[in-house]
Amino acid sequence: MDMGSMNAEPMNAGSMNAVTVKCPFPRCGAENGYDAAECGRCGAPIGSYALLSVYSAHLFNRGLAAAREDRLAEAHGYFAAVVHWCPSDIEARNALALACQALGHSAEARDAWEEVLRRRPGDRLADLGLNPPKAASDPPPDPVPVPADPPLDEGREPAAAPAAPGRPTGGP
Ligand SMILES: [Zn+2]
């Protein structure tokens, strides 16, 4: 993947600028601007950490956008990059597996889902990916036989004969 071309597109101003990065040190946890080189509170060097976490989210979003537009090979590349950089990112791994599946790389999809389950046992999406519901893979059932012509409607009586004209009432 050409990393240079990714920067060519304008970033979503607003959202990128608003991103803050939490200091990864549990006893600090201060919020810092995504471009801060050091944590404002404890001075930890968080520059590359911030860059990584923001950039991986950015790549993940690019992958989702590509998948939505049916550019599956491209989506696969983005998700694979996120997984490579952030191996604990379960969502990216699930997304990668789905992209693999859609591309017909079922062995790779299976590997990704198995890794998801190793990291997060019982993950519903991975479980579903590895054990798709029966209906999805089975051939369609035999067509339902079409009933023959509907039986004649036997319940209805033939049209009643016209009523006999009323006998004139009143005798002579
Ligand atoms: Zn800190």
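What counts, and at which threshold
- Residues numbered from 1 in each chain as written.
- Predicted model: local features only at pLDDT ≥ 70, side-chain atom pairs only at ≥ 80, totals over all residues.
- Helix = DSSP H or I, 4+ residues; strand = E, 2+ residues; numbered from the N terminus.
- Buried ≥ 20, exposed ≤ 12 C-beta atoms within 10 Å, placed from the backbone.
- Contact = placed C-beta atoms within 7 Å.
- Expected span 1.5 Å × (residues − 1).
- Core = buried A, V, L, I, M, F, W, Y, C linked by C-beta atoms within 7 Å.
- Axes fitted to C-alpha atoms, helices over the stretch in contact; angles between N-to-C directions.
- Parallel < 35°, antiparallel > 145°, perpendicular 65-115°, else oblique.
- Left-handed = near helix turned anticlockwise from the far one by under 90°.

1. Structural notes on the overall build of the protein
Summing up its helical and strand segments, the protein has eight helices and two strands in all. In sequence order, the protein lays out its α and β elements as α-α-β-β-α-α-α-α-α-α. Within the protein, the proportion of its 172 residues that are buried is 19%. Taking the intrachain contacts of the protein between residues at least 6 apart in sequence as the baseline, contacts between residues at least 24 apart amount to 26%.

2. Things to note about helix α5 (residues 90-103)
An ideal rise of 1.5 Å per residue puts 20 Å on 14 residues; α5 measures up with 20 Å between its terminal C-alpha atoms. Check the buried side of α5 and you find it contacts α3 (47-68), α4 (72-85), α6 (106-119) and α7 (124-130). G104 occupies a position one or two residues after α5 and carries a positive phi of about 85°.

3. Overview of the environment of C86
Tracing the chain through its elements places C86 in the loop between α4 and α5. Sequence separation of C86 and L52 is 34 residues, and the distance between their C-alpha atoms is 8.6 Å. Setting aside chain neighbours within four positions, we find C86 in contact with S56 and A92.

4. Regarding the nonpolar core
Side chains of a nonpolar character, in soluble globular proteins, are inclined to be buried together. Counting residues in each nonpolar core, the largest one holds 21 residues, and the members touching the most others are F79, V82 and L96. For this core, the secondary-structure elements that each account for two or more residues are α3, α4, α5 and α6. Beyond its immediate stretch of four places on either side in the chain, L96 contacts H76, F79, A80, V83 and A112. Of all hydrophobic cores here, the second largest spans five residues; its members include C23, C39, I46 and A50.

5. As for the packing of α5 against α6
Here α5 crosses α6 at 160°, and the two axes come no closer than 7 Å. Classified by the interaxial angle, the pair formed by α5 and α6 is roughly antiparallel. The way α5 lies across α6 gives a crossing that is left-handed. Of α6, the residues touching α5 (which contributes I90, R93, N94, L96, A97, C100 and Q101) are S106, E108, A109, A112, W113, E115, V116 and R119.

Take it as geometry only, folks, not as evidence of what the structure does.
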